[in-house]
Every structure is written in C-alpha cells, then in structure tokens.
Amino acid sequence: MFEVELYETEDGREPVVDFLNSLDHKMNAKMIGLLELLEEKGTELREPYSAALGDGIFELRCKLGSNITRVLYFFFFGKRIVVTNGFVKKTQKTPLSEIRTAKDRRKDWIRRHEPAIADERIKKSRR
C-alpha cells in the first residue's frame, strides 16, 4: 500500500484540498475514490485512471458525465505519492502551466522534506 500525501505550501496553504473542496459533491466523491485506488495500486495503476505526463509527473483522470478533472502527482521513495495540484480539464492536452506547477511543487516538496526523510532512513538502518 502506498501513502498519498496532499501538497502543502511552506506557509500552510493546501491547494489540493482547496481544489477538491471546490468540486461539486459527486465529482469530489469520485476523485476521492480514485485517490484511494491510487493509494492501493500505486505504480500499478494505469490508463484509463492514470497516465504518465513525462519527467516523473503523472495525472489521475476523473470523468463524470462531460466534466473532466485531473490531479497531478509524483512518486517518492518509501511508497509515497505526493499530489501537487488539480484542475478542470477544458482542452485536449494537459496545460503546460499545470505541469510546470506540478514540477515546481515537487521541487519545493523535496527541498523541504528530503533531509527529514534521509534522517528517518538513517535511524531505521541503525535498528
């Protein structure tokens, strides 16, 4: 089982939570269900639910009627999945601005979390 974490900014804002809360009830429920499926399947989850966008960024695909939403995420050591951002899809291709946001947030998340994760690994290896 994987651990899904929703990205939080350095000042405590939670843009993914805000995005999920902005969705109507049915779309929110479906996206939460897909996040649970992602947590269960991890790297084994494939299309039509998930797709690689390149450079380690993936999208989780949610469709309800004619409405399409996506959340972007990346994998990190230790079976960790970090969801970086979400958007309502209105064009054929995933907007480059959303992919850039995912990459920027990944870089920020790693900068803030990698030292703590490295410390955790060292402690485990000494046991």
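Below is a short write-up of the structure. Every value quoted in this text rests on a predicted model; they were computed, and no experiment measured them.

1. Considerations on the packing of aromatic side chains
The description of an aromatic ring pair uses the distance of the two centres, along with the angle that the planes make with each other.
For step 1, the next point in the chain: Across all of its chains, the model carries 7 aromatic pairs by this definition.
For step 2, the next point in the chain: Centroid distance Phe58 to Phe75: 5.2 Å. Interplanar angle 80°. Geometry classified as edge-to-face. One end of the pair, Phe58, is in strand β3 (residues 57-64); the other, Phe75, is in strand β4 (residues 67-76), and 17 residues separate them in sequence.
For step 3, the next point in the chain: Of the residues examined, Phe58 reaches a relative accessible area of 23% and is grouped as partly exposed.
For step 4, the next point in the chain: When the centroid spacing of 5.3 Å and the interplanar angle of 70° are considered together, the rings of Phe76 and Phe77 count as edge-to-face.
For step 5, the next point in the chain: Ring-pair connections join several aromatic residues into one group, and the members of that group are Phe2, Phe58, Tyr73 and Phe75.
For step 6, the next point in the chain: The residue whose ring lies beneath Lys79 is Phe2, and the NZ or CZ to ring-centre distance is 5.3 Å.

2. A few points about unusual backbone geometry
For step 1, the next point in the chain: A cis geometry characterises the amide bond from Glu47 onward to Pro48, with omega recorded as 15°.
For step 2, the next point in the chain: Examined against the element boundaries, Pro48 turns out to sit in the loop between α2 (25-41) and β2 (50-54).
For step 3, the next point in the chain: Of note in the backbone geometry, Lys79 takes a positive phi value of approximately 60° without being a glycine.
For step 4, the next point in the chain: Here Lys79 shows up in the loop between β4 and β5 (80-88).

What counts and how
- Residues numbered from 1 in each chain as written.
- Predicted model: local features only at pLDDT ≥ 70, side-chain atom pairs only at ≥ 80, totals over all residues.
- Heavy atoms only, no water.
- Phe/Tyr/Trp six-rings, centres within 6.5 Å; stacked < 30°, edge-to-face > 60°.
- Helix = DSSP H or I, 4+ residues; strand = E, 2+ residues; numbered from the N terminus.
- Buried < 20%, exposed > 50% of the residue type's maximum accessible area, 1.4 Å probe, protein only.
- Lys NZ or Arg CZ within 6 Å of the ring centre and 35° of its normal.

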